[in-house]
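# Structural overview
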Amino acid sequence: MENSSSDCEDIGSELRGKINGSASHVSVASSLRSVSLSKMGLSTPPKISEKSSLRRNRSYGNMLASGNTEAKVLVIYTGGTIGMMRNEKHALEPIRNALVKNIRRFPHMHDVDYAQERFGSGSTMGPLVLPFVENQQRRVIYTVTEYDPLLDSSNMTINDWVRIAEDIRQSYEFFDGFVILHGTDTLSYTASALSFMLENLGKTVIITGSQIPIFETRTDGKDNFTSALIIAGNYVIPEVTVFFGSKLYRGNRTIKISSASLDAFDSPNVPCLAKIGINVDVDYRLIFRPYTVNRFCVHSILDENVGILRIFPSITTATIKAFLQPPMRGVVLQTFGSGNIPSNRQDMLEALRDASKMGMIIVNCTQCTTGSVCDLYETGRLLQDCGVISGYDMTPEAALTKLAYCLGKEEWSLEEKKKMMQRNLRGELTAGKSPEMQEFDLIDAVARSLHLSTPHELSQLGATLFPAMVNTAVKAGDLAKVELMKSYGADLSTINYDYRTALHVAAAEGREDVVKHLLLHGVTIHVRDRHDRTPLMEAIANDHHEIIRLLIKCGAHLTGSARAIGEFLCASAARGLQKRLESYRLAGADLSQPDPSGRTALHLAALHGFKEIVEYLLQNSVDKDEVDLLGLTAYDYAKQVGHEDICKILNGKHVNGTSH
């Protein structure tokens, strides 16, 4: 949907429709935190009548052309070194409400001129604006929610993970991406936990921090923070990730490897998803995507009765038995090498066997930094015989939090929980050998004919060929060709030169079977093209109602300001497009939403004499007494131009034989 320069009323409108609160403050996050509408740049329109107000449209962002495409990012500041400041004794400590106040003073993190132009007199208390970044499509507007008290990551608990997840859930439709500022000590635990809790995630969530505070002269905090904002605002990577030291990692694959190095994190068994150098290089083929047609949701029930038991030479049976006692329900067993324990310790094996028979889930993970558990040796196979399941190459952090997640799934049986522990749910483990792709069979053949040879040329060729070929197959509805392109290594989520995905094309062409196929192969619904249109907007613009329903079921929502939605509704009514109005209704729009002049679709339908649309709107609870900025109702419009039949309807005489 096209962009507008309206003052962030999109978020304010959505919040007022979603959360009960006053006109000046609405709760976005959980307890102790509120977001001022004035701070978000909300410019409240003149109040025409008691019934005139902004309605919920499940929308955010700007829709009318403003010359600047923007992305909104929510920053959740939980604490950690990154936000610390020096006190009067020059010691580092967290200081309440100091982060945002100081960011406004640093021009490399906040563009004062853009903010003043964008938000006017309220800019000093409005959202923060990341300065212009070359080669990035969108200007990042970000809002910071600060926790009180600020938390040292060593004090993080399951309750804090739930709090973060719930804050993301409440704000999910208002922002394009999320950045979590976090201490480094338990950052990998939080990243792993959130990766499981945030089910069917379709937007970018990045956790970052720093080894040196962001406002120090020499710091890694500034690059980590601004890079995370750039990625969260400009790239749709539907995973919980960790950004540190110029690299973006899958969160549940990370471990902290150093307490002193600025490259404090690594992902030993999986390459990083993106690197930031002069350019941002994202390897989209590595991204793990949800392969379901379900809406985003949060699973907030985690079982805290889990633990990690590290095997060491001569560990006593008493120690093992004590650890396996109730209320413990799940254990990550860290074993030697590829999953081995002493084979001559029958006492140890009996203790593990007894615990497994009692319903405890025991997961075998290696103590090694890299590599995986396997049953290559007899000592490893003995554990399987005792009921211990393989954790493959999961990190201890991922295995522990996954245990808490699976045990918290009360609807799953014990056997289902064990199966899920061994299934790759969020890219956290590698089970078996990945299928080989034939990408360069195709690319090399074309490259040879064009006399291209360098890796950069081959990469560019693939980025040019595959989107065009996939989109051509999608437009034709040829699923066999789509699958063929995928077998050659094409990423079905890739964008073309207009930032359009195959899902944009399928939604516009009305190819419902292709839309389903793409969704089941993880193509994201939230990518916006060069004109800020999502696949949902393409389906609306072409009145493909079944596709709209499917996308909404998958978690799509309208993007744009409430006033702009009102303009589109009025334009549809003025043109007699009842089917288009129904498209907007199916997409979650409030058909009573006024345009900037206070007119509703009912005003325009009455003015232009579209009786069927008037009846349709009344049947969908559009208020016939709504007045525009001139104080006129839809009846006044109809009367002025002499539409007597519509005047009778609006007077309550009849609508399809019923009174109103």
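Residues numbered from 1 in each chain as written. Predicted model: local features only at pLDDT ≥ 70, side-chain atom pairs only at ≥ 80, totals over all residues. Heavy atoms only, no water.

Our working definition: UniProt positions are given in the numbering used here, feature names are shortened, and annotations may be inferred rather than shown by experiment.
Under an unreviewed UniProt entry, the name given to the protein is asparaginase, and the organism recorded is Lutzomyia longipalpis. Under the UniProt heading Sequence similarities (unreviewed entry), the note attached to the protein is "In the N-terminal section; belongs to the asparaginase 1 family."

### Some points on the sheet that holds strand β21 (residues 389–390)
Quick note on the threshold: In short, DSSP must find at least two bridges between two strands for them to pair. Where helices and strands are cited, they refer to DSSP runs of H or I of at least four residues and of E of at least two residues respectively, numbered from the N terminus.
Strand order in the open sheet formed by four strands is β18-β19-β20-β21, and the pairing between neighbours is parallel. What marks the edges here is a single partner per strand, and that holds for β18 (306–310) and β21. Sheet topology places strand β19 (residues 330–335) next to strand β20 (residues 361–366); six bridges connect them, and they run parallel. Paired with Val332 across the two strands is Val363, which belongs to β20.

### Description of the UniProt feature "binding site: substrate" (unreviewed entry) in the protein
Applied cut-off: Three labels apply to residues, based on accessible area from a 1.4 Å probe with only protein chains included: buried if under 20% of the type maximum, exposed if over 50%, partly exposed otherwise in between. We call two residues in contact when some of their heavy atoms are within 4.5 Å.
Under the UniProt annotation, the feature "binding site: substrate" (unreviewed entry) is placed at Ser153, Thr184 and Asp185. These annotated residues cover 33 residues of sequence, and their C-alpha atoms lie no more than 6.7 Å from one another, placing them together at a single site. Mapped onto the secondary structure, Ser153 falls in the loop between β7 (139–146) and α4 (158–171). On the basis of relative accessible area, Ser153 is assigned to the buried category, the value being 3%. In this view, Ser153 contacts His182, Gly183, Thr184, Asp185 and Thr186; residues no more than four positions away in its chain are not counted. Within the secondary structure, Thr184 sits in the loop between β8 (177–181) and α5 (187–197).

### Notes on the environment of Pro535
Mapped onto the elements, Pro535 comes out in helix α17 (residues 535–541). Considering only alpha carbons, one finds Pro535 and His504, 31 residues apart in sequence, at a separation of 4.4 Å. Residue contacts for Pro535: discarding those within four places in its chain leaves Leu503, His504, Ala507, Ile525, Val527 and Leu551.

### Considerations on the pattern of salt bridges
Quick note on the threshold: The rule for a salt bridge is simple: a side-chain nitrogen of Lys or Arg has to be within 4 Å of a carboxyl oxygen of Asp or Glu.
Using the criterion set out here, one finds 30 salt bridges in the structure. Between Asp176 and Arg528 there is a salt bridge, with the nearest N and O atoms lying 3.0 Å from each other. In this pair, Asp176 sits in the loop between α4 and β8 while Arg528 sits in the loop between α16 (512–520) and α17, placing the two residues 352 residues apart along the sequence. A single burial state applies to Asp176 and to Arg528, both of which are buried.

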